[in-house]
Amino acid sequence: MHVHPAIYLAVLALLVILSVACKQGGNTTPEASPGGITMHRADPARTGVYRTEGPTEYTNIKWQFAADDWVFGAPAILGDRAWFTSYDGYVYAVDSATGAEVWRFDSGNTIIAAAAVANNIVYIGNMSGTVFALDSATGKELWRVEVGTRSADAPVGFSGSPAVIDGVVYFANENGTLIALDANSGEEKWRFEKPGFAMPFSPAVADGVVYIPVSNGILYAIDAATGKELWNYNPTVENNLYIQTSDAVVKNGLVFYMTNDLNLTGVLYAVDINAQKLRWR
């Protein structure tokens, strides 16, 4: 079975992020997530901090559900439902207490990224470049948007997960397009493009700004209302090529993200939002 290159980057980033999260102490105050919304890494800022009590020890598997192919994205869980996506192209909704299937939706192409759920709507993007909005209770399609591409040969798929906040859903794809859609209608509000590069990870949104790292290693800060570039941070030094390997995470006035260089050396950056420059690496 062919595996898309973005899968390896996504799995690598997930392992690194999880290892960092597991080492955090218990004194960290979690960011409040918007009510009625669940998405990849807890919130639009991608802090990865959930306001919930987890199990203190392993006892047993309560239930398991087998999709028809690999599952890469983390489930979105809200109330008594869990929604997740699969490489088989389906979006699944299951009972979070029993694992019983409630519905499934065929997107028509591979799905790598996790779903986001907000105000009873499930948002997903597949690897053919189509964005879907589904009724969270029934799986009925509410709208779809073919994001498209300016180059017939460039990949258009969404390997990063959407962010939903203030009635807008933000997607970034592998053709270097960051797009903002009206969460209720799917109407395009704006798009920010970097042709020839990829945006294979999830956008982060905080305080009216969208942060997205691009495959050349540059981190962009975009006005969430207009799509205009506010500033960027370029880590490239000594003509070495950097490739981003993670979602951006926004916390305490800093944007954190990771890259690999040509020597496969991993680098973690903390970029100061106010100063718009590197705090540390």
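Just above, that's the structure.
Quantities reported herein were computed from a predicted structural model and do not represent experimental measurements.

Grouped together as the largest cluster of nonpolar side chains are 35 residues, with contacts concentrated most on Tyr-123, Val-131, Trp-143, Tyr-170, Leu-178, Trp-190 and Val-210. If one sorts the elements of this core by residue count, strand 11 (residues 168–172) sits on top with 5 residues. Among all residues touching Tyr-170, those that are not within four sequence positions of it are Ser-161, Pro-162, Ala-163, Ile-165, Ile-179, Ala-180, Trp-190, Pro-203, Val-205, Val-210 and Ala-224. Core analysis: the next-biggest nonpolar cluster, separate from the first, contains 18 residues, Ala-204, Ala-206, Tyr-233 and Tyr-269 among them.

Right, let's get into the sheet that holds strand 13 (residues 188–193). The strand order 10-11-12-13 describes an open sheet built from 4 strands, whose pairing is antiparallel. Every interior strand has two partners, whereas the edge strands, strand 10 (163–165) and strand 13, have only one. Each neighbouring strand pair of the sheet contributes to a mean axis angle of 15 degrees, computed without reference to strand direction.

Let us now look at the sheet that holds strand 15 (residues 209–213). Spatially, 4 strands are ordered 14-15-16-17 in an open sheet, and the strand pairing comes out antiparallel. Of all the strands in the sheet, just strand 14 (204–206) and strand 17 (229–233) have a single pairing partner and so form its edges. On average, each strand axis in the sheet is inclined to that of its neighbour by 20 degrees, with strand direction left out of account. With 4 bridges joining them, strand 16 (residues 219–223) and strand 17 adopt antiparallel strand pairing. Directly across from Tyr-220, in strand 17, lies its bridge partner Asn-232.

Turning next to the packing of aromatic side chains. For any pair of aromatic rings, geometry is given as the distance between the ring centres together with the angle between the planes. In total, this model carries 16 aromatic pairs according to the counting rule given. A ring pair is formed by Phe-72 and Tyr-87, whose centres lie 5.8 Å apart and whose planes are at 65 degrees; its orientation type is edge-to-face. Here Tyr-87 lies in the loop between strand 3 (81–85) and strand 4 (90–95) and Phe-72 lies in the loop between strand 1 (37–38) and strand 2 (76–78), a separation of 15 residues in the sequence. With a relative accessible area of 10%, Tyr-87 lands in the buried category. Every member of this aromatic cluster is reached through a ring pair, and the members are Phe-65, Phe-84, Tyr-90 and Tyr-92. Across from the ring centre of Tyr-90, 5.5 Å away, lies the NZ or CZ of Arg-104, which sits over that ring.

How each quantity is defined
- Residues numbered from 1 in each chain as written.
- Predicted model: local features only at pLDDT ≥ 70, side-chain atom pairs only at ≥ 80, totals over all residues.
- Heavy atoms only, no water.
- Core = buried A, V, L, I, M, F, W, Y, C linked by side-chain atoms within 4.5 Å.
- Buried < 20%, exposed > 50% of the residue type's maximum accessible area, 1.4 Å probe, protein only.
- Helix = DSSP H or I, 4+ residues; strand = E, 2+ residues; numbered from the N terminus.
- Contact = heavy atoms within 4.5 Å.
- Pairing = 2+ DSSP bridges.
- Axes fitted to C-alpha atoms, helices over the stretch in contact; angles between N-to-C directions.
- Phe/Tyr/Trp six-rings, centres within 6.5 Å; stacked < 30°, edge-to-face > 60°.
- Lys NZ or Arg CZ within 6 Å of the ring centre and 35° of its normal.

All quantities given are derived from atomic positions and should not be read as evidence of function.
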